[in-house]
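Summary of structural features
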Amino acid sequence: MTAPAGGEPSAMGVSAMDSSGGFAGRFRRWLRLHPSLFAMPALLIVSLAITVAIHPTFSDFDLQSLAMGALPLAFAAAAQTAVVISGGIDLSIGSMMAVANVLAASTMENANIGESLALAVVVLLAGAAMGALNGLIVVFSRVPDVVATLALGFIWGGVALLIMEKPGGGAPPEFLNLGAGTLFTTWLPNAVILLVVAVSVIWIPVRQSRLGLQLYAIGSDRVAAFRSGVDIERTRFSAYIFSGLLSAVGGLGLTMTTGIGAPLAGVYYTLSGLAAVVVGGVSLAGGRGGMVGPVMAAFVLTLIPTDLIFLNIDPNFGQVIQGTLIVAIVMIGGFVEMARSRR
Amino acid sequence: MSEPVLLLEATDVAKRFDSVIALKAASLRVCPGEVHGLMGSNGAGKSTLVKIITGVLRADGGRILVKGVARTFGSPAEARAAGIVSVYQDPALVPDLTVGQNMRLARVSLKDVRRRLEELGVTSLDFSSLVRDLPYPTLRLIDLARALASEPAVLLLDEITASLPADLSEQIYLMVRRWRERGNAVIFISHRMAEVSALCDRATVLRDGVTVGVTERAHGSEERIVALMLGAETARAVASATSAPATKAKPRDQEPALEVRGLRHSPLLNDVSFKLYPGEVLGVAALEGQGQEELFDCIAGSRRTDEGAILARGQELRLRHPADAIRAGVVLVPANRLLALLQQRSVRENIALPAFGAIRNWGPIGMRAERARVESATARLQIDTRAGSELSRLSGGNQQKVVIARWLASGFNTLLCFDPTRGIDIGTKRQIYALVRKLAAAGSAVLLFTSELPEIALACDRAIVLFGGRVVAEMPVAEADEATLLRAAHGLAPQLQAVS
């Protein structure tokens, strides 16, 4: 990892030097730079409002189950975001989550909380190692990232089954509580705290350092980045390490929220995570978007099937609606971008 | 030779890409305190040499000495650390980052860049704007300022003034001279001979990957440079091809091949009207951003017009797609060859692409008919297809010929040429203009925009000048000398004589 640049405070320090057109001007520029920071909270609030409207007895318990349901997906989305921003894709995220999930559940079953936390660190290291292997193969074998990570996804899926043949295992209740309980009030699930803390601790230092700039740079224009002195290979490689690390956190989250290890549970998260990335305003072409959008989109995407169940819609038809909504949300985002550039 | 220690010495550098030899024996010796021109036709190997010197590519042979020490660079970053920095032909700024972030990315200090930009006459740049929101000329200046901020001992400028407005080019000349005064060296690559002879102290000429000569003085040696670039025999052939510009008055009683009436495309195009007759080459002269791009795009069908009519042979066209214009026999040769061609496909496929419709509408493509058309077009244009099948291996000039060849193969009435010689060497340039004249002589109508005003007189029968989205002047080619065009293009009335 590159050390954070010492000389300048941050990217924000740059704009402070300029004579901008007052608060409104600065706000507009901020929106231009981070469009999803405005749109995604709005979308999340709207979907929460709809949920409460069709489900008047929405309680703190419902909020907790929403947060628990969204937690693994949010980490899958975050993991994918790290790679997509750098202009790549990782189709092995779900399988890496499964490995982390069964690794945790099989080793923590008879451990106490202290040992479990130590084991969690081991699982995170394993995740980073899986990501590193992904990165090595994608960057140095010249096999296209889609193919390489798809194949590695099969491998990690197999590894998960080798570790644990069928769902089982467990972890001490104190450990499960990190993702499943509440700490301060029943309206603030631990899952949300864990999510915010984990993503912030991993991503904010990256975003503020030169490495963050380099990730965005190689996703946006690889030639220009190379000519600016960016080491393309090393930067791509590190994107996959972050993907593996965040996948492992997601796997731990899966253990916390389900209480067991399930070797096949993770697979679903690869494509759903990718959907959250797209809905969250990250360009699949790379270089654009942030972490906040996809993480919030994970909550929106978790809410949709819940709402459809409350509306008594046939779950099979619900799938159709969910797909339609994903396309609609991304389309609206596209139209907004088009309208903006036309002005 | 009693030279001081050379800042940069490249000797017998060689490079091949598969079967294509880009450089055979390129040599370049650059002293401190000089502006050194690097000249050569397209495909002569200039860009390859620049890329090898700055660590983008690795050489297969030869050696490079920096201040007397043998070096090989694995990346542009390593070259920069050794004081060698290049401003490449296209901007090397990341579009989705802000200007400030781009500077952090390249580890240069914002303060230095800001100071350099001020020296270049840019005082009010907002460093928090996204690069993709900034206009092209500004990006070139930012690129240059960033290169200067790392205080290079050897600065390479590859076609930096191509398609820059004159006032900005002037700023760049000033900066280049200032850089030389400080004992540094500048390697200057340009196709504009006037620029090179005014700016450069010496010039190295490449031909076919070999250094064929070094002129000890660039000023006054233009003829020698051209002769070296072309090679003796080509020079003679080109001279005879272009010596007789046909300036016969064209019959005006026939129907125009293309007529444009009251064309608008807000905000840049306000009310443009003109007629273009068969067998005529009509030149369009304009400074950067006067609506010429919109005009060509509208006629070619890739932009919708707001108002006005476009007629081809008396028929009003309803253009919703470039295919509509192509069907009406109106075809475009764009400045950016990359936009028109499929880089990864073969020359044959590229030429045949728009002709699919003409040869057979559906079902399998008639391979034999296709091959015959393509071969005749390739032969007529003397396209150098040595580079094999993949288009991206052809030089810029040859790629441009492929664009014209494809339209020859598919047939057309009106050819729209938008700055077809941008970034193309003099030899190929003259060949392209000779070709345009030949097409007109065969009865085609040609609308030609060129960013280099002297070229209007070379190829056109008549010229119109665009300013602020309007046609402000029209003149026969005899009156269309550079000074007249330039005054009109700046929106000055043509009848006023120059005060200076």
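Since the model is a prediction, treat every value here as computed from it, not as a measurement.

1. Points about the packing of helix α4 (residues 110-119) of chain B against helix α5 (residues 136-149) of chain B
All names here are of chain B. It is the contact of α4 with α5, at a shortest axis distance of 8 Å, that shows an interaxial angle of 125°. It follows from the interaxial angle that α4 and α5 lie oblique. Between α4 and α5 lies a crossing whose hand is right-handed. Of the residues in α5, those touching α4 at Asp-112, Val-113, Arg-116 and Leu-117 are Leu-141, Ala-145, Arg-146, Leu-148 and Ala-149. Class assignment for the residues of the contact of α4 with α5 results in 6 nonpolar, no polar and 3 charged.

2. A short note on the nonpolar core
By size, the foremost hydrophobic cluster in this structure holds 164 residues, and its most contacted members are Ala-74, Ala-77, Ala-78, Ala-100 and Ala-298 of chain A together with Phe-188 of chain B. Per-element accounting of this core gives the leading share, 16 residues, to helix α4 (residues 60-85) of chain A. Excluding anything up to four places from it in sequence, Ala-74 of chain A contacts Leu-195, Val-295 and Ala-298 of chain A. Residues Ala-257, Phe-412, Leu-448 and Cys-460 of chain B belong to the second largest nonpolar core, which totals 75 residues.

3. Some details on the sheet that holds strand β12 (residues 269-276) of chain B
Residue and element names in this part refer to chain B. Read from one edge of the open sheet, 4 strands run β12-β11-β14-β15, paired in antiparallel fashion. Of all strands in the sheet, those bounded by a partner on one side alone are β12 and β15 (315-316). For strand β14 (residues 307-312) and β15, the ladder comprises 2 bridges, and the chain directions are antiparallel. When the bridges of β15 are listed, Leu-311 appears paired with Glu-316.

4. Quick word on the environment of Ser-129 of chain B
Residue and element names in this part refer to chain B. Summarising the element assignment, Ser-129 is placed in the loop between α4 and α5. For Ser-129, a count of 18 C-beta atoms within 10 Å puts it in the partly exposed group. Here the alpha-carbon distance between Ser-129 and Gln-101, two residues 28 residues apart in the chain, equals 9.8 Å. Once you skip the residues sitting within four places of it in the chain, Ser-129 turns out to touch Thr-98, Val-99 and Leu-134.

5. Section: the interface of chain B and chain A
Facing 23 residues of chain B, the contacting portion of chain A comprises 26 residues. Taken together, the elements giving at least two residues each to the side of chain B that touches chain A come down to α2 (76-81) and α3 (99-105) of chain B. For the side of chain B that touches chain A, the class distribution of residues is 13 nonpolar, 5 polar and 5 charged.

Rules behind the numbers
Residues numbered from 1 in each chain as written. Chains lettered and ligands numbered in written order. Predicted model: local features only at pLDDT ≥ 70, side-chain atom pairs only at ≥ 80, totals over all residues. Axes fitted to C-alpha atoms, helices over the stretch in contact; angles between N-to-C directions. Helix = DSSP H or I, 4+ residues; strand = E, 2+ residues; numbered from the N terminus. Parallel < 35°, antiparallel > 145°, perpendicular 65-115°, else oblique. Left-handed = near helix turned anticlockwise from the far one by under 90°. Contact = placed C-beta atoms within 7 Å. Nonpolar A, V, L, I, M, F, W, Y, C, P; charged D, E, K, R; others polar. Core = buried A, V, L, I, M, F, W, Y, C linked by C-beta atoms within 7 Å. Buried ≥ 20, exposed ≤ 12 C-beta atoms within 10 Å, placed from the backbone. Pairing = 2+ DSSP bridges.

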